[in-house]
Amino acid sequence: MKLKNLFIGAMMTVIAAPAMAQAPVDEIQKQATELIKAGDAKAIVALEKENKKNSNALISIAKAYLAVNDLTAAQMYADKAQDVLVKNKKATPEEKSNAYITLGNIASAKDDAGAAVSWYQNAMYADPKNPDGYRLYATATSKSDPNGALRTLEDLRRERPDYPVDLIAADIANGAGKPAEAIKYYSKVKLSDMQPYQLGSYATNLYLQQKTEEAVKVAEYGQTVAPRSATLNRLAFWGNCDLKNWDKALANADKLFHASDSVKISSDDYGRLINALRGAGKYDEALVQLNKLANDPNMPKADQLFALKQIAQTYSDKEDYANAIPAYEEYLAMAGDKASATDVAGLGQQFMYYAQQDPSRKAELLMRADNVFAKLAENPDAKEYAIYKRAQVANQMDGGKGLAKPFYDQLIAMPNCNEARLKEAYLYNISYFGNVKNDINGAMPYAEKLAEIDPENPVAKQVLSLKE
């Protein structure tokens, strides 16, 4: 396990603690830092000699070397401090803990996970009231034993009820991939006490747990603190899309696409932008974006296919079937074998919509729809649905006078046919025999079958009441 960055990350974590007395500036570390920058080795040796029996002073020199990543010198002075502590029977818990934590940080910088964890553990035992030992131990073990890390922080809570444990625990749970635990801890912390990355983590975990409204609230608060955060802008955008708050979604899409730092726009982002534009009724704007994707030679074929399909659907949403149909055909031609049965059925449905919109071309358009569904019926997995659609197309062609009967009869004969389609088939035959053929006895078997699956169906009841 690599710990080099764990120490740095832990030290950078901003903790919203109650006002506490601050330790005075460490003059020894400040002097040592200046001497290291000046390259004055003799002066550092002199500084050591002046403080050779002061473990805290030696640790301060070690920290100065650690800050410039001179691990050899840092280790040397930390070891000298440890020797002083071993000989000093009156060493305080604070002095011991200070040394152990620094030794642990040096081991962490060396990627010696085992030694770092051991030193942090010693710091906890030496001074149970010092939160740094617990915090660093929990951070160092968060990947290998996240549950144990969280238990350690609960131990700290018992020792120091005044210390803000929840935010550290939330970060650890988040890093360990425990969204429910992360949410539990984040929810105990004021949003104003979180850093932007923590607000992003909190909102992300809420979103992943399908707590979309809460995720949006956290993300939108985060935008007031970090308006150029790609993570927060994306979460506000995606969440409002899911909630169908189209105007808010589009406003946040603009922030994501045009006012976010280090943003990488994904195909998911484009897809949601298109959905938001369509949801807001801005079809022409959606088509502009989709055509950019479809005609971008650098776009992967999968994204171009997505764009072509969405172009067809967008034309359909605006009821422009004259353009939707060729767009569907272009998509299907490019998709080839990758086109699903649902995709093919979509083309047939466009012909049906167009037939309703343009009665003068009704027969021609319905025939083209039937051709699509007849081809689809060759697919065994889509056969039932295709026959059902052929029945509907035929019914529109002749107004229920019998052209659809062969298709509905095929549905009735199919084992395990979808119940809703079966009901429609029975109802069609009841109407056909009762109204077209004027043969109530011919309608009776279908009424009986319909009553078996829908006992309260009023048509079935009415027909069966006429049974002699």
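Note that the structure is predicted; figures quoted are calculated from it, not measured.

Asker: Would you mind going over the overall build of the protein with me for this structure?
Answerer: For the protein, the helix and strand inventory stands at 26 helices and 0 strands. Relative to the compact-globule value of 23 Å for 468 residues, the protein shows a C-alpha radius of gyration of 36 Å, a clear excess of over 25%. Across its three principal axes, the protein shows a C-alpha extent of roughly 115 × 55 × 35 Å. Out of the 468 residues in the protein, the part that is buried amounts to 47%. Within the protein, contacts between residues at least 6 apart in sequence are counted, and of these 51% link residues at least 24 apart. Of the roughly 24,200 Å² of accessible surface on the protein, 50% is carried by carbon and sulfur atoms.

Asker: Just checking my understanding: could you explain the nonpolar core for this structure?
Answerer: Counting 95 residues, the largest nonpolar core has Leu-153 and Phe-237 as the members making the most contacts within it. Sort the elements by how many residues they give to this core and helix 19 (residues 321–335) lands first, with 8 residues.

Asker: Quick question: what am I supposed to make of unusual backbone geometry here?
Answerer: In most cases, non-glycine residues show a negative phi, while peptide bonds are predominantly trans. In this structure, Asp-111 takes a positive phi of about 65° despite not being glycine. Classification of Asp-111 by relative accessible area gives partly exposed; the value is 29%. Within the chain, Asn-416 stands out as a residue other than glycine whose phi angle is a positive 60°. As for its position among the elements, Asn-416 is in the loop between helix 23 (405–413) and helix 24 (419–436). The class of Asn-416 is exposed, set by a relative accessible area of 78%.

Asker: Would you explain the confidence of the model for the protein in this entry?
Answerer: It should be kept in mind that the predicted coordinates are not to be read in detail where pLDDT is low. Within the protein, residue pLDDT values average 91, and 94% of them lie at 70 or more. Throughout residues 1–25 the model reports pLDDT below 50, and contacts reaching past four residues in sequence, or to other chains, amount to 41 contacts.

Asker: So what exactly am I meant to see when it comes to a nonpolar patch on the surface here?
Answerer: A cluster of nonpolar side chains, contributed by Met-367, Met-397 and Leu-403, occupies part of the molecular surface with about 250 Å² of accessible area. Within the fold, Leu-403 resides in the loop between helix 22 (383–398) and helix 23. Residue classification places Leu-403 among the partly exposed residues on the basis of a relative accessible area of 43%.

Asker: Would you take a moment to explain the side chain of Asp-127 for this structure?
Answerer: Looking at where Asp-127 falls in the secondary structure, it is placed in the loop between helix 7 (113–126) and helix 8 (131–140). Arg-160 is the oppositely charged side chain nearest to the buried, salt-bridge-free Asp-127, at an N-O distance of 7.4 Å. In this structure Asp-127 touches Pro-93, Glu-94 and Ser-97, once residues within four positions along its chain are discounted.

Asker: Help me understand the packing of helix 15 (residues 246–258) against helix 16 (residues 267–279) in this model?
Answerer: Think of two packed helices as two axes; the pair is described by the angle between the axes and how far apart they sit. Two elements in contact, helix 15 and helix 16, have axes whose closest approach is 9 Å; the angle formed by their N-to-C orientations is 145°. Relative to helix 16, the crossing made by helix 15 is left-handed. Contacts between helix 15 and helix 16 involve Trp-246, Ala-249, Leu-250, Ala-253, Leu-256 and Phe-257 from the former and Asp-269, Tyr-270, Leu-273, Asn-275, Ala-276, Leu-277 and Gly-279 from the latter. Residue composition of the contact of helix 15 with helix 16, grouped by class: 10 nonpolar, 2 polar and 1 charged.

Asker: Looking at this structure, how should I read the packing of helix 11 (residues 179–186) against helix 12 (residues 196–208)?
Answerer: Between helix 11 and helix 12, whose axes approach to 9 Å, the crossing angle comes to 125°. With respect to helix 12, the element helix 11 is oriented oblique. The element helix 11 and its partner helix 12 pack so that their crossing is left-handed. Where helix 11 abuts helix 12, its residues Pro-179, Ala-182, Ile-183 and Tyr-186 lie against Gln-198, Ser-201, Tyr-202, Asn-205 and Leu-206. Taken together, the residues of the contact of helix 11 with helix 12 break down into 6 nonpolar, 3 polar and no charged.

Asker: Would you mind going over helix 22 with me for this structure?
Answerer: For the α-helix, the turn length of 3.6 residues means that residues three or four positions removed from each other point alike. Counted at 1.5 Å a residue, the expected span for helix 22 with its 16 residues is 22 Å, and the 23 Å between its end C-alpha atoms agrees. Considering only its buried residues, helix 22 is in contact with helix 20 (341–357), helix 21 (362–376), helix 23 and helix 24.

Asker: What exactly am I supposed to notice about the packing of aromatic side chains here?
Answerer: How two aromatic rings sit relative to each other is given by the distance of their centres and the angle of their planes. Applying the stated criterion across every chain, the model contains 11 aromatic pairs. Seen in terms of ring centroids, Tyr-321 and Tyr-353 are 5.5 Å apart; in terms of plane orientation they differ by 35°. Their pairing is tilted. Of the two residues, Tyr-321 is situated in helix 19 and Tyr-353 in helix 20; the sequence distance between them amounts to 32 residues. On the basis of relative accessibility, which here comes to 33%, the residue Tyr-353 falls in the partly exposed class.

Asker: I would appreciate a short explanation of the side chain of Gln-350 in the present structure.
Answerer: Looking at where Gln-350 falls in the secondary structure, it is placed in helix 20. In this structure, Gln-350 is in contact with Ser-316, Tyr-321, Ala-324, Ile-325 and Tyr-328, ignoring residues within four places of it in sequence.

Asker: Please explain the pattern of salt bridges as it appears in this structure.
Answerer: Taken as a whole, this structure holds 25 salt bridges when the rule is applied. The partner of Glu-456 in a salt bridge is Lys-461, and the shortest N-O contact between them spans 2.7 Å. On the basis of relative accessibility, which here comes to 58%, the residue Glu-456 falls in the exposed class. A relative accessible area of 42% means that Lys-461 is categorised as partly exposed. When salt bridges with common partners are traced through the structure, they connect Glu-329, Arg-361, Glu-364 and Arg-368 into a single cluster.

Asker: Looking at this structure, I do not really get helix 24. What am I missing?
Answerer: Helix length check: helix 24, at 18 residues, gives a terminal C-alpha distance of 25 Å against a target of 26 Å (1.5 Å per residue), a fit within 8%. For helix 24, the set of buried residues is Arg-421, Leu-422, Ala-425, Tyr-426, Tyr-428, Asn-429, Ile-430, Tyr-432 and Phe-433. Looking at the buried positions of helix 24, the neighbouring elements they touch are helix 22, helix 23, helix 25 (440–453) and helix 26 (458–464). Positive backbone phi, at 55°, marks Asn-438, one or two positions downstream of helix 24.

How each quantity is defined
Residues numbered from 1 in each chain as written. Predicted model: local features only at pLDDT ≥ 70, side-chain atom pairs only at ≥ 80, totals over all residues. Heavy atoms only, no water. Helix = DSSP H or I, 4+ residues; strand = E, 2+ residues; numbered from the N terminus. Rg over C-alpha atoms; globule rule 2.2 N^0.38 Å. Buried < 20%, exposed > 50% of the residue type's maximum accessible area, 1.4 Å probe, protein only. Contact = heavy atoms within 4.5 Å. Areas by Shrake-Rupley, 256 points an atom, 1.4 Å probe, with all protein chains shown as cover. Core = buried A, V, L, I, M, F, W, Y, C linked by side-chain atoms within 4.5 Å. pLDDT = per-residue confidence, 0-100. Patch = residues over 30% accessible without salt bridge, like charges linked within 9 Å, V, L, I, M, F, W, Y side chains within 5 Å. Salt bridge = Lys/Arg side-chain N within 4 Å of Asp/Glu carboxyl O. Lys, Arg positive; Asp, Glu negative; His and termini not counted. Axes fitted to C-alpha atoms, helices over the stretch in contact; angles between N-to-C directions. Left-handed = near helix turned anticlockwise from the far one by under 90°. Nonpolar A, V, L, I, M, F, W, Y, C, P; charged D, E, K, R; others polar. Parallel < 35°, antiparallel > 145°, perpendicular 65-115°, else oblique. Expected span 1.5 Å × (residues − 1). Phe/Tyr/Trp six-rings, centres within 6.5 Å; stacked < 30°, edge-to-face > 60°.

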